[in-house]
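What follows is the residue order along each chain.
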Amino acid sequence: SVVYTMKLILCFAFLFSLALSQKSNYDYVDPFIGTGGEGFGIGSVPPGAQRPFGLARVSPDTVGFDNVFIEWNHFGGYYYGDGNIRCFSHTHMVGSGALDYGTIGIMPLSHLPTADDVSDYGFRSSFSHDTETSKPGYYSVLLETPNIQVELTATERVGVHRYTYATNNNKVILFPISHSLTPNGCHTAEINIDYANNEVYGYTLNYGSLSGRFGGYKSYFVAHFNNRINSYGIWNSSQIQQGQAKATGNEIGGYIAFGDDTSSTIEFRVGLSSISYDLARNNIKAEVGTNSFDQVFLETQQIWMNTLNQIEVEGGIEDQRVKFFTAFYHTLLAPTIFSETGGFYLGFDNKVHQLNQSQTNYYSDMSIWDVHRTEFPWLGLVQPERLLDIVRSLVLMYKQGGDLPRWPLANGFTGCMEGQHSFVVIVDAYLKGITDFDIQAAYQGMKAGATTSRPNDGREYIEDWLSLGYIPYEKDHSGASKTLSYSFDDSVLSSIAGALGYTLDQQMFLNRSKNYLNVWHPEYKFFCPKTSSGEWQCPLSWLNVFDDRYVEGDAWHYRWFVPGDVPGLIQQFGSKDYFVTELDYFFYMSEYDPLNVLPNPYYWAGNEPDILAGYLFNFAGRADLTQKYVRWNMDNKYTTKPDGLPGNDDYGTMSAWYTWGSIGFYPLAGKPVYLIGSPVFNKVTIHRNAGDLVIIANNASTSNIYVQKLSVNGQPVDMKGSPFLQHSQIMSKSVLEFWMGSQPL
């Protein structure tokens, strides 16, 4: 009957809503989001096991069925479109656009290796997504070729493995220690098999695309087994030597086998260290001890649950929750805890140091050109104590290495990308009340980097910057975009100089922050490079995304990049109305290319130069257009599928863009200011030591995207004239209350 049918429908609806309400934040995370994509839309996030910010990122490194390794697809080691696993390595980049790490490879096998096995990854195995699982702190897959179930979990510095073989016979584990994601990246390596102590240990010196710039990254490992090793051997250039326990070179590996009397399930742990074998062993002892795989995973899972539960949400649809909590998870993967048990770490002077008691961890692996915009301000909001240690780490890099880094990896300067945006990270933190670090040393490093030639990560062509006020085209074709970056950096230097009472420096850097005007073409109203004699070198097309005049972008992308002086930029357009017209056209035209395969010549959601642009309408009295276009991009450029990120996640940058969008405001990096957006959920609560931040969005829905009214702690915000927040308004216990509607205010 109709009545019966309606009751059945209502019953199912109730059960579905009940199931939805019972899902935890942990359950909403899908680590496969961001592991696929095509072309420039590849997320490059490894789906393996790690703890928040952990050094040990134990994850599969894959290849296509044809065994052709396409570097572009494998910046994170894993690519969802592949059908073979080469091995499981322990160090990984997180969504970067560079090939590095992928060291300390391990792979189980169901027979003793042959020369064919150890040549060109002959031991690789096919796998299926049907028998693959990933969740925070855990990864498992059935290796189809040897019929072995692999499970992975991790602590901060230890990877923990469990392999279940089909039978008790031929339980073999390979250590292809020369494995690296960078082809021929292993400069040298060593493996030792300690039969008596059931231990395999060694190191690899990896020359990746970034680590190779500072002499490579040396990673030590110790693998400890509870089961007795029955037989072993090594190989060198595909020549297998049974019974040999040591090998050195750049095409080496080793293997161990277990007797038929041992269980078909083998558990072991792999300690990592950047310093020594002893510290690798200490890391195992301190973080795992005698705990089983299940015990380690349960502890890791609980850590992830507690961390993800820092934010509570109410309302929203299923896809929005999946996207939000997966993005939140991505923001917690990096940077990397680089200090070890006892607080020891390898500094930028290649010496071993020990942290003082006030600093919990030392961090490295910071894609600063990217993360200064969204990821680090996000950590400053939700985990300010962690950002404090990150800033302290940057200052230590300066003290021990001589410069503030541009893109620090492991223990070295890489010189990657442009600008000196570590200045932005430091100043942004300081101006938001994160001040318990050596600000005087930090300022000394920033001023030196902005005014003098430096040995490591200084400003390129600084003499021209100081004399001409821009970087000339004949010195560097991308001089215009570099000029914009340096202008931004000097704007934040002016702010911190003023905060510290250095009034002369404040004025000097304020003047230099206006140098962006030197590359603004007043007729075309675009930024263009020009020669030292003042001749313009504008591109033939403003839409050429591969034009070397602009770093990872085109003239349209960089047209809006003046984050240190947005009102000054608007003045160059002649009026707010014309600025809005051009910016509106920029976003409108971008919607004609909803795919992420190629860079969009208009708004490019998958890269950093223009990701602030959607919020710039706020400065011109059109906050409604910010709300419109930010929500459009959240709905269309981010999905719940493996290609669900619009581009490389760049150490959490793109994911943090989404988390900011979801809560309804966005940072203006380098200033204690936020720009109002369009909140997704009816209520968000961010639990913080300083007091909960509660964000209420009355009537929020997929159609009610426009802010009708906003109050902060009961005080109204002028959404027409000043749609901004000050950080001081939300530093402690605070309530933001939005009223949403389907039409612009």
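As shown above, the structure is provided for reference.
Described below are features of the structure shown in this document. In this text, all values refer to a predicted model and were calculated from it rather than measured experimentally. Here the residue index of a chain counts from 1 through its sequence in written order. Only residues with pLDDT of 70 or above have their local features reported here, since the model is predicted, and side-chain atom pairs are shown and tallied only from 80 upward, although totals for entire chains, interfaces and linings are computed over all residues. Heavy atoms from the whole structure form the basis of all side-chain values; hydrogens and water molecules are not counted.

### Some words on the overall build of the chain
For the chain, the count of helices and strands is 18 helices and 32 strands. Its C-alpha atoms give the chain a radius of gyration of 26 Å, near enough to 27 Å, the size a compact globule of 745 residues would have. Its C-alpha atoms put the chain at 80 × 80 × 50 Å along the principal axes. Counting all 745 residues of the chain, 63% fall into the buried class. Partitioning the intrachain contacts of the chain with sequence separation of at least 6 by distance along the chain shows that 70% fall at a separation of at least 24. For accessible areas, the Shrake-Rupley method is used with a probe of radius 1.4 Å. Any residue's cover is judged against the shown protein chains and nothing else. Carbon and sulfur atoms form 50% of the exposed surface of the chain, whose accessible area is close to 25,700 Å². We count Lys and Arg on the positive side and Asp and Glu on the negative side, and we leave His and both chain ends out. To locate a charge, take atom NZ for lysine, CZ for arginine, CG for aspartate or CD for glutamate. Positive and negative side-chain charges in the chain, numbering 49 and 74 respectively, have mean positions lying 6 Å apart. Numbering of helices and strands runs from the N terminus; a helix is a DSSP stretch of H or I covering at least four residues, while a strand is a stretch of E covering at least two. Here the radius of gyration uses the C-alpha set of atoms, whereas the globule reference equals 2.2 Å times the residue count to the power 0.38. Burial classification: accessible surface area is computed with a 1.4 Å probe over protein chains only, and a residue below 20% of its type maximum counts as buried, one above 50% as exposed, and the rest as partly exposed. We call two residues contacting when some pair of their heavy atoms lies within 4.5 Å.

### Section: the side chain of Gln-420
Summarising the element assignment, Gln-420 is placed in the loop between helix H8 (384–401) and helix H9 (422–431). Ignoring sequence-local partners within four residues, the contact set of Gln-420 consists of Gly-449, Ala-450, Asp-457, Gly-458, Arg-459 and Asp-489.

### Some details on the packing of aromatic side chains
Centre-to-centre distance and the angle between the planes together describe a pair of aromatic rings. The rule is short: rings of Phe, Tyr and Trp, with Trp giving its six-membered ring, pair when the centres are within 6.5 Å, and they are stacked under 30 degrees, edge-to-face over 60, tilted in between. Scanning the entire structure with this criterion turns up 68 aromatic pairs. The interplanar angle of 5 degrees and the centroid separation of 5.7 Å between the aromatic rings of Tyr-638 and Trp-657 together place this pair among those described as stacked. Here Tyr-638 is found in the loop between helix H17 (623–636) and helix H18 (653–663), whereas its partner Trp-657 is found in helix H18, with 19 residues between them in sequence. For Tyr-638, a relative accessible area of 5% translates into the label buried. What makes Trp-657 buried here is its relative accessible area of 4%. Two conditions define a charge located above a ring, namely a distance within 6 Å from the ring centre to NZ of Lys or CZ of Arg, and an angle within 35 degrees of the ring normal. Above the face of the Trp-536 ring, Lys-530 is positioned so that its terminal group lies 4.8 Å from the ring centre.

### Let's talk about the side chain of Ser-126
Tracing the backbone shows Ser-126 in strand S4 (residues 125–126). Once residues lying within four places of it in the same chain are set aside, the contact partners of Ser-126 are Gly-83, Asn-84, Leu-142, Leu-143, Glu-144 and Thr-145.

### Section: the pairing of strand S14 (residues 239–242)
Sheet faces and side chains relate simply in a regular strand, where the side chains alternate between the two faces. When DSSP finds two or more bridges between two strands, those strands count as paired. Of the pairings in the sheet, the one linking strand S13 (residues 229–236) to S14 comprises four bridges and is antiparallel in character. Counted as the bridge partner of Gly-233 is Gln-242 from S14. Two successive antiparallel strands, S13 and S14, enclose a turn made up of two residues, where Ser-237 displays a positive phi of approximately 55 degrees.

### Some points on the nonpolar core
By nonpolar core we mean a set of buried residues, namely Ala, Val, Leu, Ile, Met, Phe, Trp, Tyr and Cys, connected to one another through side-chain atoms within 4.5 Å. Residues Ile-173, Leu-381 and Phe-665 are the most contacted members of the largest nonpolar core, which totals 225 residues. Looking at this core, the element that brings in the most residues is H8, giving nine residues. Beyond its immediate chain neighbours, meaning those up to four positions away, Phe-665 contacts Leu-381, Trp-660, Tyr-674, Leu-675, Ile-676, Gly-677, Leu-693, Ile-695, Leu-725, Ile-730 and Leu-736.

### Some remarks on the pattern of salt bridges
By convention in these notes, a salt bridge is any Lys or Arg side-chain nitrogen within 4 Å of a carboxyl oxygen on Asp or Glu. Evaluation of the coordinates by the stated rule reveals 25 salt bridges. One salt bridge connects Arg-281 with Glu-199, and the closest N-O pair in it is separated by 2.8 Å. On the criterion of sequence distance, the pair formed by Arg-281 in helix H3 (residues 277–287) and Glu-199 in strand S11 (residues 199–206) is long-range, its members being 82 residues apart. The exposure class assigned to Arg-281 is partly exposed, which follows from its relative accessible area of 28%. For Arg-549, the salt bridge goes to Asp-547, with nearest N and O atoms at 3.1 Å. On the basis of relative accessible area, Asp-547 is assigned to the buried category, the value being 7%. Put simply, Glu-151, Arg-162, Glu-267 and Asp-294 are held in one network by salt bridges that share partners.

Structural measurements only, silent on function.
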